[in-house]
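# Architecture and fold: a report
Now for the letters of each chain:
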Amino acid sequence: MNFNLPFVPERPERPRQSGLTMMMDKGLSLREAENFCEVCAEYTDLVKLGFGTGLLTPNVKEKIKIYQQAGLRPYFGGTLFEAFIARDMLDDYKRFIADAGVETAEVSDGVLPIEHGKKCEYIADLAKDFVVLSEVGTKLKGKEITNEEWVSWMLSELGAGAWKVIAEARESGNMGIYNDDGSANSELVLDIRNHIDPDKILWEAPLKNQQVWFIKLLGPNVNLGNIAENEVIPLETLRRGLRGDTLLSFLP
Amino acid sequence: MNFNLPFVPERPERPRQSGLTMMMDKGLSLREAENFCEVCAEYTDLVKLGFGTGLLTPNVKEKIKIYQQAGLRPYFGGTLFEAFIARDMLDDYKRFIADAGVETAEVSDGVLPIEHGKKCEYIADLAKDFVVLSEVGTKLKGKEITNEEWVSWMLSELGAGAWKVIAEARESGNMGIYNDDGSANSELVLDIRNHIDPDKILWEAPLKNQQVWFIKLLGPNVNLGNIAENEVIPLETLRRGLRGDTLLSFLP
Amino acid sequence: MNFNLPFVPERPERPRQSGLTMMMDKGLSLREAENFCEVCAEYTDLVKLGFGTGLLTPNVKEKIKIYQQAGLRPYFGGTLFEAFIARDMLDDYKRFIADAGVETAEVSDGVLPIEHGKKCEYIADLAKDFVVLSEVGTKLKGKEITNEEWVSWMLSELGAGAWKVIAEARESGNMGIYNDDGSANSELVLDIRNHIDPDKILWEAPLKNQQVWFIKLLGPNVNLGNIAENEVIPLETLRRGLRGDTLLSFLP
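Parameters at a glance
- Residues numbered from 1 in each chain as written.
- Chains lettered and ligands numbered in written order.
- Predicted model: local features only at pLDDT ≥ 70, side-chain atom pairs only at ≥ 80, totals over all residues.
- Heavy atoms only, no water.
- UniProt positions renumbered as here; feature names shortened; annotations may be inferred.
- Pairing = 2+ DSSP bridges.
- Helix = DSSP H or I, 4+ residues; strand = E, 2+ residues; numbered from the N terminus.
- Axes fitted to C-alpha atoms, helices over the stretch in contact; angles between N-to-C directions.
- Buried < 20%, exposed > 50% of the residue type's maximum accessible area, 1.4 Å probe, protein only.
- Contact = heavy atoms within 4.5 Å.
- Phe/Tyr/Trp six-rings, centres within 6.5 Å; stacked < 30°, edge-to-face > 60°.
- Lys NZ or Arg CZ within 6 Å of the ring centre and 35° of its normal.
- Least-squares fit on C-alpha atoms with pLDDT ≥ 70 in both.
- Buried area = accessible area lost by both parts, 1.4 Å probe.
- Salt bridge = Lys/Arg side-chain N within 4 Å of Asp/Glu carboxyl O.
- Polar contact = N/O pair within 3.5 Å; in protein donor to acceptor, adjacent residues only side chain to side chain.
- Right-handed = clockwise from strand over helix to strand, strands pointing away.
- Parallel < 35°, antiparallel > 145°, perpendicular 65-115°, else oblique.
- Left-handed = near helix turned anticlockwise from the far one by under 90°.
- Nonpolar A, V, L, I, M, F, W, Y, C, P; charged D, E, K, R; others polar.

An unreviewed UniProt entry annotates chain A as Phosphosulfolactate synthase of Mangrovibacterium diazotrophicum. According to the UniProt record, the Sequence similarities (unreviewed entry) comment for chain A is "Belongs to the phosphosulfolactate synthase family."

Below is the structure:
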């Protein structure tokens, strides 16, 4: 049924460097992971095993294989990294994720305070063995980060070896690059975009209005993350101008 | 376990003309469609393959067959119709949906401006080969429609050959017949009800409070749509007085 | 992958008397129930077949067996009890749930007014043949219950034979022990905690912020209910300090 409708934005083939979609798995079963891959594999690049779920869900190695066989890149969410670091167990973390068979590692300091230079050391260290995603932005209210810090930290984390840098939003979509009501902090986003290659940034955008906002600002091949498993197809319709919000956006 | 509790409202047998439930499929896999049919087929009449998802999900023909074998009526959402019309490809659209094996077609102008007479021509044209659902109401803020226009457009679209006319709400339930906060525009709904046979109207009602409101106003066999796949059973408990909100509504 | 991270709160083994999680099943299919058990059985104790869904979903006996074979305790939600009582059909209700093979019964008066002494008689009667959960709190706005009534009713229902008493919140989490905005009525909760063994209470807490609030107040082994099937694993990460909100809560 792959009908060739004209004026639908081109999407790069996988494996791609832009237009990435990161799905957040909060504890899917093996069959649910298979269901996801059947429908969404073509449209998905990264699967985050959210927060510490990867430590609790049974059959996680089998699930990781299911994703990998579908061409996806599964990895453990940054909160699990922080849980190990908070216990001074970096080497255990490296063994844990290597043993799980993943090739990607996230480095974040969303909750655990990590001095920025130290964070870059973690990135450089993990980058020897893994593709590294690093995340900038706090999960904690009241810990404000200036626009200049956002930009300079993202740049130094990329410089330390991160493949992409993630802009934090939480699962709920009301932190980091978003205001309390979920609307985007557009001044911050524009500041970041003006200083950093947009292909190197993955924006967490769990809510539809946030996805629409980023697609209209940065185009259909913006990198977006924290997408619920049943929202990957709806997001793909947004990227291709096949949903009300973007239906007229890409027509001549 | 089909225990025969007294004072539970009668529901018509399928295929029915009233008491319709339309489920919105945003990209289910084949097994998920089977799961849905196992539990919900008896309580569901229409399955909308929402926005342009039908163009993107693999195995869509197989999924359509699964629904049809369970006695359901799958069809492509109106946004896909608008995507073809915006490209002046009506004939391609007709071939596309016929090739997919569906017997039902939706005509809408939720985003694409279509002159009303032209819309009725589309309805009459498609009604030659398909059961037509037409939709009234915009997805766009600021494009107000008067109550008189709602009523007269619904009547002329039924006159042009629509089987039922759908009252727009979006997936989010805050447009068309609803106010910004999701509450019903009761004056509009009453105006429509007073002028048009309620069996001919299918109200989009994605939120529980909207479903309760319509059941209390128009009875358990009101036609309701844009129901998420895991909300069809909860809706059925509302229709039958088996949930708190309507538990006492149908007792003597 | 059951990596043994230090400083993760201990959780009792099943069958347990505290640290209970009650999942709310709104109409899962057999395969979905199996998927749930694969991932969540170890972390779940009770499965409520919500409102009257148990009367409508096909294969309910098979589903009950799936849950029981995974070591879970399925039961019909209190609204179904009220639907039978409203029709003066207590004996039919007892036969219905016994025939379904469940060993647990909920007694509630969330919508149907039941004089409190009469409610305790129902509890005592059902406690002869079933493990009884009783629920305190109304689903109806405007029917205020004083803190003293909450405490004294909970105590007398436990005295009448209830195994645990449930504090009402509705599926939406904005009634009973919660304010309109979903925040906890902390004065009420503290009053209850100060008078009743917390292990005897199961707090309905469908929203993440509510779960976090209770875990921080009453510890990782607080009994929580009305958890959506895809939120059981995320809740378990909260209980174990493996999610941002509680990541630092249990560290030395």
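Residue and element names in this part refer to chain C. Taken together, 8 strands build an open sheet; the order of strands is β3-β2-β1-β8-β7-β6-β5-β4 and the sheet is parallel. Of all the strands in the sheet, the pair left with one neighbour each is β3 (73-76) and β4 (104-107). Taking the axes of each pair of neighbouring strands and ignoring which way they run, one obtains an average angle of 25° across the sheet. Where strand β2 (residues 46-49) meets β3, 4 bridges bridge the pair, whose relative direction is parallel. The residue of β3 that forms the bridge with Leu 46 is Arg 73.

Moving on to the side chain of Ser29(A). Within the fold, Ser29(A) resides in the loop between β1 (21-25) and α1 (30-40). With relative accessibility at 0%, the residue Ser29(A) sits in the buried group. Excluding residues within four positions of it along the chain, Ser29(A) makes contact with Lys63(A), Asn35(C), Glu38(C) and Val39(C).

To describe a pair of aromatic rings, one takes the distance between the centres and the angle between the planes. All told, the structure shown has 24 aromatic pairs over all chains when counted by the stated rule. Ring centres of Phe81(C) and Tyr93(C) lie 5.8 Å apart, and the angle between their planes is 70°; this geometry places the pair in the edge-to-face category. One end of the pair, Phe81(C), is in helix α4 (residues 78-85); the other, Tyr93(C), is in helix α5 (residues 90-100), with 12 residues separating them in the sequence. Here Phe81(C) matches Tyr93(C) in class, with each residue buried. Consider the rings of Tyr178(C) and Phe214(C), whose centres lie 6.4 Å apart with planes at 90°: the pair is edge-to-face. With Tyr178(C) in the loop between β6 (164-167) and α8 (186-195) and Phe214(C) in helix α9 (residues 208-218), this residue pair connects regions lying 36 residues apart in the sequence. By the burial criterion, Tyr178(C) is buried, and Phe214(C) matches it. Taken together, the ring pairs connect Phe76(A), Phe81(A), Phe84(A), Tyr93(A), Phe96(A) and Tyr122(A) into an aromatic cluster. Above the plane of the ring of Phe51(C) lies Arg243(B), whose end atom (NZ or CZ) is 4.0 Å from the centre. Looking at Arg73(C), its charged tip hangs above the ring of Trp163(C), at a distance of 5.2 Å from the centre.

By a simple turn and slide, chain C fits onto chain A: the slide is 0.0 Å along the axis, the RMSD is 0.0 Å, and the turn is 120°. Taken together, the turn and the small shift mark the pair as related by a three-fold rotation axis. Little of the interface of chain C is mirrored in chain A: 4% of its interface residues are interface residues there too.

Reports of interface size often rely on the accessible area that becomes lost once the parts have come together. Between chain B and chain A, the contact holds 33 residues from the first and 28 residues from the second. Of the roughly 2700 Å² buried where chain B meets chain A, counting both sides, 65% is carbon and sulfur surface. For chain B, the biggest contributors to the area lost against chain A are Arg31(B), Leu56(B) and Arg87(B); these three give 27% of the whole. Here chain B is connected to chain A by 2 salt bridges. Here Lys26(B) ties to Glu231(A) by a salt bridge, and the two come within 2.4 Å at their closest N and O atoms. Summed over the shared surface of chain B and chain A, the number is 10 residue pairs in polar contact (both at pLDDT 80 or more). Elements that contribute at least two residues to the side of chain B that touches chain A include exactly α1 (30-40), α2 (53-56), α3 (60-69), α4 (78-85) and α5 (90-100) of chain B.

Looking now at the pairing of strand β4 (residues 104-107) of chain B. Residues and elements named next belong to chain B. Neither face of β4 is left uncovered, since the one carrying Thr 104 and Glu 106 and the one carrying Ala 105 and Val 107 both have all their residues buried. Bridge analysis of β4 against strand β5 (residues 131-136) gives 4 bridges, and the strand direction is parallel. Its bridge partner being in β5, Glu 106 is matched across the sheet by Leu 133. You can see the chain leave β4, run along helix α6 (residues 116-127) and come back into β5, and the turn it takes is right-handed.

As a further point, take the sheet that holds strand β3 (residues 73-76) of chain A. Residue and element names in this part refer to chain A. Strands sit in the order β3-β2-β1-β8-β7-β6-β5-β4 across an open sheet of 8 strands; the sheet is parallel. The strands lining the two open edges of the sheet, one partner per strand, are β3 and β4 (104-107). Averaged over all pairs of adjacent strands, the angle between strand axes in this sheet comes to 25°, irrespective of strand direction. Note: β1 against strand β8 (residues 224-227), 2 bridges, orientation parallel. The residue of β8 that forms the bridge with Thr 21 is Leu 224. Those strands touched by helix α5 (residues 90-100) are β3 and β4, and its axis lies near 150° from that of β3.

A word on the relation of the copies chain B and chain A. For these two chains of identical sequence, chain B goes onto chain A by a turn of 120° and a shift of 0.0 Å along the axis, with RMSD 0.0 Å. Taken as a fraction of all interface residues of chain B, those also at the interface in chain A reach only 3%, which identifies the copy contact as different-surface.

Residue and element names in this part refer to chain A. Here helix α4 (residues 78-85) crosses α5 at 140°, and the two axes come no closer than 8 Å. Comparing the axis directions of α4 and α5 gives the class oblique. The handedness of the crossing between α4 and α5 comes out as right-handed. Every residue of α5 that contacts α4 at Leu 80, Phe 81, Phe 84 and Ile 85 is listed here: Leu 90, Asp 92, Tyr 93 and Phe 96. Of the residues that constitute the contact of α4 with α5, the class distribution is 7 nonpolar, no polar and 1 charged.

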